[in-house]
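Geometric and topological summary
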Amino acid sequence: MKRVLLTAFGLAALVDLGSLAAGYDPGHIVAKPLLMPLLAGYAALSGAPRLLVAALLFGWGGDVLLLSDAEPAFLAGMGSFAAGHVCYLLLFKARGGHQPILLAGYSVALTTTVAALWPDLPADLRVPVAGYSLLLTAMAYRAGSRFGLLAGFGGALFMLSDTLIATGVAEWPQPPRPDLWIMLTYIAAQILLVVGTLRALEARPYPAATYSEVRSTTP
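Structure report, in brief. (Residues numbered from 1 in each chain as written. Predicted model: local features only at pLDDT ≥ 70, side-chain atom pairs only at ≥ 80, totals over all residues. Heavy atoms only, no water.)

1. Notes on the packing of aromatic side chains
- All told, the structure shown has five aromatic pairs when counted by the stated rule.
- Look at Phe-81 and Tyr-186: their rings are 5.8 Å apart centre to centre, the planes differ by 85°, and that puts the pair in the edge-to-face class. Of this pair, Phe-81 sits in helix α4 (residues 71–92) while Tyr-186 sits in helix α8 (residues 178–203), and the two are 105 residues apart along the sequence.
- Taken together, a centroid distance of 5.7 Å and an interplanar angle of 15° make the contact between Tyr-88 and Phe-92 stacked. On the criterion of helical spacing, the pair formed by Tyr-88 and Phe-92 is a turn pair, its members being four residues apart in helix α4. The burial state of Tyr-88 is the same as that of Phe-92; both residues are buried.
- Linked through ring pairs, Phe-81, Phe-158 and Tyr-186 together constitute an aromatic cluster. (Phe/Tyr/Trp six-rings, centres within 6.5 Å; stacked < 30°, edge-to-face > 60°. Helix = DSSP H or I, 4+ residues; strand = E, 2+ residues; numbered from the N terminus. Buried < 20%, exposed > 50% of the residue type's maximum accessible area, 1.4 Å probe, protein only.)

2. Considerations on the packing of helix α3 (residues 50–65) against α8
- Remark: α3 packs on α8, axes separated minimally by 11 Å, with the N-to-C direction vectors making an angle of 170°. Judged by the inter-axis angle, α3 sits roughly antiparallel to α8. Across the interface between the two elements, Leu-52, Leu-56, Gly-59 and Asp-63 from α3 touch Tyr-186, Gln-190, Val-194 and Thr-197 from α8.
- Split into classes, the residues belonging to the contact of α3 with α8 amount to four nonpolar, three polar and one charged. (Axes fitted to C-alpha atoms, helices over the stretch in contact; angles between N-to-C directions. Parallel < 35°, antiparallel > 145°, perpendicular 65-115°, else oblique. Contact = heavy atoms within 4.5 Å. Nonpolar A, V, L, I, M, F, W, Y, C, P; charged D, E, K, R; others polar.)

As structure tokens, this is what we get:
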């Protein structure tokens, strides 16, 4: 069943990306909402902690909400993704240590990006975007510093994907088919976070008490 779900996820991703490349909106509208439930199902059957599954399902909520161009839907979608990042942060805090150089790099990236975007963002979105960016950057840093290279790349790609969204909101010049690059980096980010987390836990499982504490905090 895991292979079926992973194959279905791959097919949905191909349909979504192919539809975006071709400018076929109905294919994107159908395929995008399928991605995270399929990946969450694969993660659950692979023995992933419930925090990981919850993060993916909050991502699904954000995916669905961001299909709308309305500002309330954008804010709600950002809130759903923020809840997913909180789940990732709670998951990643259970192990590992700090890496000052990586922390400094992410701090510079966060400060530079928010400062550059700030003047061009709509006034009512500046504070929400800055707060979300801080949460996203913290997630990406913890993924890389505590769960290894694959999860770290996943966190970095998540930052890149959401930065592309933010530049669109700020009405900066965009590459051709910007939604294609947003979804490509987002899909890669989520699968790397899942695979990286599963491999890290397989290599070094949580201590029993800590794992129990992590599971007890989830819905």
